[in-house]
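Structural overview
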Amino acid sequence: MIKPQAWVDQWRRIYPASTAKRVAADLQAPIRTVEKWFSGEAKPSLEYVGPILNQYGLAFVVGAMANPLPWLDDLAREERKQKLLAERQAIDEMLAEDWRRAQR
C-alpha cells in the first residue's frame, strides 16, 4: 500500500516553496489536482504513478510504501546510494577546483 501523504512530505522537502505548483509542473498535472493531493482530499490516480516514478525515481515511490517487497526496497536503496555517490563526486570536484584556484 502506498501512503500518498508520504509523497506530499517528500515533495515539501524537495520544494520548500510553491510546492504544489512545482509538482504540477513536473508531472504536467492540473494544479487543482495536485492541491487536492496535498490537502488529502484526493490521492494520485494510477495515471500519475508512472509520471511520479519517472520524475522522482523508484526510491521516492518506495519511500511511500508501508511494506515494500524486499527486492523492491533493495532496488530503491541502491538508487538512493547511486544518487548520493554522484552528489558526493560533484562536491569533490567542486572542492578540488576551489583548491586548484587557491593554489594559483
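Please refer to the structure higher up on the page.
The structure reproduced in this document is the subject of the present report.

Procedures and definitions
- Residues numbered from 1 in each chain as written.
- Predicted model: local features only at pLDDT ≥ 70, side-chain atom pairs only at ≥ 80, totals over all residues.
- Heavy atoms only, no water.
- Core = buried A, V, L, I, M, F, W, Y, C linked by side-chain atoms within 4.5 Å.
- Buried < 20%, exposed > 50% of the residue type's maximum accessible area, 1.4 Å probe, protein only.
- Helix = DSSP H or I, 4+ residues; strand = E, 2+ residues; numbered from the N terminus.
- Contact = heavy atoms within 4.5 Å.

1. Describing the nonpolar core
- Formed by 18 residues in total, the largest nonpolar core has its most connected members in Trp11, Val23, Leu27, Val34, Phe38, Ile52 and Tyr56.
- Those elements that provide at least two residues to this core are helix H1 (4–14), helix H2 (19–27), helix H3 (31–39), helix H4 (46–56) and helix H5 (58–62).
- Dropping the residues within four chain positions of it, Tyr56 is found in contact with Trp11, Ile14, Tyr15, Val23, Asp26 and Leu27.

2. Quick look at unusual backbone geometry
- For Ser18, which is not glycine, the phi dihedral falls at a positive 50°.
- In this fold, Ser18 is placed in the loop between H1 and H2.
- For Ser18, a relative accessible area of 48% translates into the label partly exposed.
- Here the phi dihedral of Gln28 falls at roughly 50°; this positive angle occurs in a residue that is not glycine.
- Topologically, Gln28 is positioned in the loop between H2 and H3.

3. Points about the environment of Ala76
- Within the element layout of this structure, Ala76 appears in helix H6 (residues 70–103).
- When its relative accessible area of 0% is taken as the criterion, Ala76 is described as buried.
- For the pair Ala76 and Val61, spaced 15 residues apart in the sequence, the C-alpha separation amounts to 8.5 Å.
- Filtering out sequence-adjacent residues up to four positions away, Ala76 remains in contact with Leu58, Ala59 and Val62.

Functional significance is not addressed by these values, which are geometric in nature.
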